[in-house]
Amino acid sequence: MVNITLTPEAANQIKKKLAGRDLDLKLMYDIDGCSLSGIPTLRLMDKQERGSDEISVQTNEMPVWVEKSKLIFFDDHLEIDFSEQSHTYQLASTAEILNGRMSLLD
């Protein structure tokens, strides 16, 4: 199972976006066609949009929803950070940066 940690900066930015809204945070892995390469993206989604394949991963701050079938593309330990300089999120594992300029889609 994947373990996700949110840095304080990332958690604060996400909480600002969630303020007063009943939405879930989802870590998506968009695959283009039959390719094995994809782009990790964060998305705020309505609870009704959850698919039957999505599972909740508890983090140090809030649950993050991930499609179970996409877990194979992620390392066991992930960190989501926020860059004030670029105003984007960063997804990294202990081995690599998976997306250095990750969007939070609303």
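In every chain, residue numbers begin from 1 and rise along the written sequence. Thresholds applied to this predicted model are a pLDDT of at least 70 for local features of residues and 80 or more for the giving and counting of side-chain atom pairs; totals over whole chains, interfaces and linings are not thresholded and use all residues. Water and hydrogen atoms play no part in the side-chain values, which are based on all heavy atoms of the structure.

Draft legend 1. Structural context of the overall build of the chain. The helix and strand tally for the chain stands at one helix and nine strands. Each radius of gyration reported is based on C-alpha atoms, and the globular scaling rule is 2.2 Å times the count of residues to the power 0.38. Radius of gyration (C-alpha) of the chain: 13 Å, near the 13 Å computed for a compact globule of 106 residues. Expressed as lengths along the three principal axes of its C-alpha atoms, the size of the chain is roughly 35 × 30 × 25 Å. In this description, contact between two residues means that some pair of their heavy atoms is separated by no more than 4.5 Å. Considering only intrachain contacts with a sequence separation of at least 6, the fraction spanning at least 24 residues in the chain is 51%. Note on areas: these come from Shrake-Rupley sampling with a 1.4 Å probe, and a residue is covered only by the protein chains present in the view. Of the accessible surface of the chain, which amounts to about 6200 Å², a share of 47% is contributed by carbon and sulfur atoms. Where the 11 positive side-chain charges of the chain centre and where its 18 negative ones centre are 5 Å apart. Numbering of helices and strands runs from the N terminus; a helix is a DSSP stretch of H or I covering at least four residues, while a strand is a stretch of E covering at least two. In this tally, Lys and Arg are treated as positive and Asp and Glu as negative; His is ignored, and so are the chain termini. A charge is said to be at NZ when it belongs to Lys, at CZ for Arg, at CG for Asp and at CD for Glu.

Draft legend 2. How the structure looks around the pattern of salt bridges. Salt bridges are defined as contacts in which a side-chain nitrogen from Lys or Arg sits within 4 Å of a carboxyl oxygen from Asp or Glu. Tallied over the entire structure, the rule returns nine salt bridges. The shortest N-O distance in the salt bridge between Asp24 and Lys47 comes to 2.7 Å. Taken as a pair, Asp24 in strand E2 (residues 23-31) and Lys47 in the loop between strand E3 (38-46) and strand E4 (54-57) lie far apart in primary sequence, 23 residues in all. The buried label goes to any residue with under 20% of its type's maximum accessible area, the exposed label to any with over 50%, and the partly exposed label to all in between, with areas taken from a 1.4 Å probe on protein chains only. Residue Asp24 is classed as buried on the basis of its relative accessible area, which comes to 7%. The residue Glu54 makes a salt bridge to Lys26 at a minimum N-O spacing of 2.6 Å. Taken together, the positions of Glu54 in strand E4 and Lys26 in strand E2 put the pair 28 residues apart, joining distant regions of the chain. When its relative accessible area of 11% is taken as the criterion, Glu54 is described as buried. The class for Lys26 is buried, based on a relative accessible area of 7%.

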